[in-house]
Amino acid sequence: GESVGLHLPTLSVQEGDNSIINCAYSNSASDYFIWYKQESGKGPQFIIDIRSNMDKRQGQRVTVLLNKTVKHLSLQIAATQPGDSAVYFCAETGGNNRLAFGKGNQVVVIP
Amino acid sequence: GAGVSQSPSNKVTEKGKDVELRCDPISGHTALYWYRQSLGQGLEFLIYFQGNSAPDKSGLPSDRFSAERTGGSVSTLTIQRTQQEDSAVYLCASSLSSRQGGYGYTFGSGTRLTVV
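The structure presented is a predicted model; accordingly, all values stated were derived computationally and were not measured.

Q: Outline the overall build of chain A, listing residues and values.
A: When its secondary structure is counted, chain A shows 0 helices and 11 strands. Helices and strands appear in chain A in the N-to-C order β-β-β-β-β-β-β-β-β-β-β. Counting over 111 residues, chain A shows a buried share of 44%. Counting only contacts in chain A whose residues sit at least 6 apart along the sequence, the fraction spanning at least 24 positions is 51%. Within the structure as shown, chain A displays about 5,300 Å² of accessible surface, and the carbon and sulfur contribution to it stands at 47%.

Next up, the structure:
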């Protein structure tokens, strides 16, 4: 079955520092990966995605890295800001036409 | 509309009552998904609709749960004879397509259901 999980349940980071959130996935057939950010009381919001034919993709202050060899996905946030405090989910698509989500990783930014 | 709209935003119901949750997806999005999120947990898939195809109901936890999508747009998730374990945030999402390797979802803000 499919399984997407996160290594660290909570990450505390000083404002201005970089954050790294890690995610392991088990479905080697997955070809599309997404990171979502969920703030309290809101639905998940798309941050960045990456396809399996890429290793790295950069957005505004965020970078997603994909290591297919070890089935690992990470999200890097540069110069973390208080507004980055949220729960971050990784998600993958496999062969069943829907996203499978991990449990989420709480990021707490310390001013 | 501009985003995915869900109603109500909060619902408190008595155990044993039926509830209906509504989702209005982004216009033109052919795929619509329902997920459930319990406190401190990830997103549990419930059901998805893709165009006129038969919905994938494989995630529905029991026969008390059902959903329909009328006219390829608005969807209603119905929970009959609610139980306390049904308490959760119910999230709806839509996307341009559900085809493999397809598109990211746009989520609504969810309906927080509390069964007392």
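Q: Would you mind going over the sheet that holds strand β7 (residues 75-79) of chain B in detail, with residue names and values included?
A: Residue and element names in this part refer to chain B. Across the sheet, 4 strands lie side by side as β1-β3-β7-β6; this open sheet has antiparallel pairing. In the strand order of this sheet, the two ends are held by β1 (5-7) and β6 (65-69), each with one partner. Each adjacent strand pair in this sheet contributes to an overall mean axis angle of 15°, direction not counted. In this structure, β6 lies alongside β7, joined through 5 bridges in antiparallel fashion. Across the sheet, the residue bridging to Arg69 is Ser75, located in β7.

Q: Give me the lowdown on the pattern of salt bridges, citing residues and values where you can.
A: Residue and element names in this part refer to chain A. Summed over the entire model, instances satisfying the criterion amount to 6 salt bridges over all chains. The shortest N-O distance in the salt bridge between Lys42 and Glu39 comes to 3.9 Å. Using a relative accessible area of 45% as the deciding quantity, one classes Lys42 as partly exposed. The partner of Asp84 in a salt bridge is Arg61, with the nearest N and O atoms 2.9 Å apart. With a gap of 23 residues between them, Asp84 in the loop between β8 (72-77) and β9 (86-93) and Arg61 in the loop between β6 (56-58) and β7 (62-67) connect regions that are remote in the sequence.

Q: Now, about the state of the cysteines: what can you tell me, with residues and values included?
A: All names here are of chain A. As enumerated under the stated definition, the model contains 2 disulfides over all chains in all. The disulfide that involves Cys23 links it to Cys90, with 1.8 Å between the sulfurs. Here the disulfide of Cys23 and Cys90 is right-handed, its torsion about the S-S bond being about 55°. One end of the pair, Cys23, is in strand β3 (residues 19-25); the other, Cys90, is in strand β9, and 67 residues separate them in sequence. For Cys23, a relative accessible area of 1% gives the class buried.

Criteria and cut-off values
Residues numbered from 1 in each chain as written. Chains lettered and ligands numbered in written order. Predicted model: local features only at pLDDT ≥ 70, side-chain atom pairs only at ≥ 80, totals over all residues. Heavy atoms only, no water. Helix = DSSP H or I, 4+ residues; strand = E, 2+ residues; numbered from the N terminus. Buried < 20%, exposed > 50% of the residue type's maximum accessible area, 1.4 Å probe, protein only. Contact = heavy atoms within 4.5 Å. Areas by Shrake-Rupley, 256 points an atom, 1.4 Å probe, with all protein chains shown as cover. Pairing = 2+ DSSP bridges. Axes fitted to C-alpha atoms, helices over the stretch in contact; angles between N-to-C directions. Salt bridge = Lys/Arg side-chain N within 4 Å of Asp/Glu carboxyl O. Disulfide = S-S within 2.5 Å.

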